[in-house]
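Geometric and topological summary
The lines below spell out each chain.
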Amino acid sequence: MLQLRLIVPADLREPVMARLDACVGVAHVAVLPGGAVRPAGDLVLCDVAREAVDELLGELKELGLPERGAISMDEAGLVLSRAADEAERDAPGEGVDALVWEEVSEVVHEESTLSGVFLALLAVATMLAACGAVLDSAILVVGAMAVGPEFGPLAGLCVAVVQRRLRPALRSLLALAVGFAAAVALTVGFALLMDVLGLFSDARFAADRPNTSFIWQPDAMSFVVAFLAGVAGLLSLTSAKASALVGVAISVTTVPAAANAAVALAYGEYAQAWGSAVQLALNLSGIVLAGVLTLLVQHGAWRLARRGPGRDEARPRRGAGPTGPTGPTGPTGPTGPGSSPGRSLSNPTGTRSQAAGSRHQAPSRWSRRSGTGTHARQPAGTSDLPGATGHAGTGTGGTAHDALQRRSRPA
């Protein structure tokens, strides 16, 4: 489960609550009226199943909430609640397969920005890999792979290509180009300094190095390994499995190739420098190609999963009957007054799939409890407030929220 914290201006309260009410993956809605000061508005808290949050965020953005209020999202951690279990069961798909674009974009934006820390880490990793290349130490080379931060801009470039966003793509390319150019230049100076100190030597670098010669001898397997690493890296990023990124980092030969090219340039070994440059290009292209394809497949598969029936589709809902007020022929069903194909009364944007929309056209499942600011799950079409039975526009009392407003007015 993910926890959303919303700052909602007064005039957006009703449409925002309608979106939360229509989302089958929402649980534990709490409203603190006037709880936000800057910007002013209500503070709304809710837990959302990971597989439902991307669509909900899109609808909240369409309302202009990020511009006029705020949306914050964090991991909910341990949640012991039957309502949360029902929300996850109702939401289509599996949480681990969910693709939350806003979360992915935010992560890669931070990791793909050209900064002093990024340059320092890449330069240090390249120098460390240069030591491993000269000493023919696979351990040092692996350590340098783990330190290198270059996967962040590569992932940012993949996300930008899939989203067709030029500015983030240019930002990632700038970080890669400037980062590797600066790292190679600094490592050339580092190699010359180490040679003056007697710690590096041309003879040692030109000798047979069975443990690290693969760095400047690219072949077809170099591209295959980079491609597989790109798939694993993007999957770990989109599924929030950060532990897998370490394995990705030590499986590609980007930083070692740049380091070997730098030392080769320092000693005039242009054959090794060219081979290292080809190795670097193969690894970068393999990761980007794999990342783009992985995101496209994930996006397509997730859209199909959301369009399909929910995991509890065959289970009848409480208070719903085949021909009653919450059934398909009732006033709030697709044939009721004011309805249109693919559109529910609680989802005026009509962006949901037909399968999901048929679930959302039932009466509101939330009632507003007076004085607590908390929305509790109720059987469809019922409420614990007087005159608040039925859905908006049905019955004589309107919604539970209307009843709460009437109750709170002074006599």
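The preceding data block contains the structure.
Presented here is a report on the structure given in the accompanying data block.

Rules used in this analysis
- Residues numbered from 1 in each chain as written.
- Predicted model: local features only at pLDDT ≥ 70, side-chain atom pairs only at ≥ 80, totals over all residues.
- Heavy atoms only, no water.
- Helix = DSSP H or I, 4+ residues; strand = E, 2+ residues; numbered from the N terminus.
- Buried < 20%, exposed > 50% of the residue type's maximum accessible area, 1.4 Å probe, protein only.
- Areas by Shrake-Rupley, 256 points an atom, 1.4 Å probe, with all protein chains shown as cover.
- Contact = heavy atoms within 4.5 Å.
- Arc of directions from axis to C-beta.
- Axes fitted to C-alpha atoms, helices over the stretch in contact; angles between N-to-C directions.
- Parallel < 35°, antiparallel > 145°, perpendicular 65-115°, else oblique.
- Left-handed = near helix turned anticlockwise from the far one by under 90°.
- Nonpolar A, V, L, I, M, F, W, Y, C, P; charged D, E, K, R; others polar.

Section: the overall build of the chain
Looking only at helices and strands, the chain features 16 helices and six strands. Within the chain, buried positions represent 48% of all 411 residues. Counting every atom, the chain has about 19,000 Å² of accessible surface; 63% of that belongs to carbon and sulfur.

Structural notes on the environment of Val117
Looking at the secondary structure, you find Val117 in helix α6 (residues 116–135). Overall, the relative accessible area of 59% leaves Val117 in the exposed class. Measuring from C-alpha to C-alpha, the distance between Val117 and Pro149 comes to 9.5 Å, with 32 residues separating the pair along the chain.

Considering the environment of Val231
Its place among the elements puts Val231 in helix α11 (residues 220–238). Its relative accessible area of 24% is what places Val231 among the partly exposed residues. Note: C-alpha distance between Val231 and Leu293 (62 residues apart in sequence) is 8.2 Å. Not counting residues up to four positions away in its chain, the partners in contact with Val231 are Ala290 and Thr294.

Re helix α7 (residues 138–147)
In an α-helix, one full turn covers 3.6 residues, which means residues spaced three or four apart are oriented alike. Val141, Ala144 and Met145 are the residues of α7 that are buried. The buried residues of α7 occupy one face: seen down the axis, they fall within an arc of 105°.

Topic: the packing of α6 against α7
Contact geometry for α6 and α7: axes closest at 8 Å, N-to-C directions at 165°. Considered as vectors, α6 and α7 are oriented roughly antiparallel to each other. Note on packing geometry: the crossing formed by α6 with α7 is left-handed. Together, Leu121, Ala125, Leu128, Ala129, Cys131, Gly132, Ala133 and Leu135 of α6 and Leu140, Val141, Gly143, Ala144 and Val147 of α7 make up the contact between the two elements. When its residues are assigned to classes, the contact of α6 with α7 shows eleven nonpolar, two polar and no charged.

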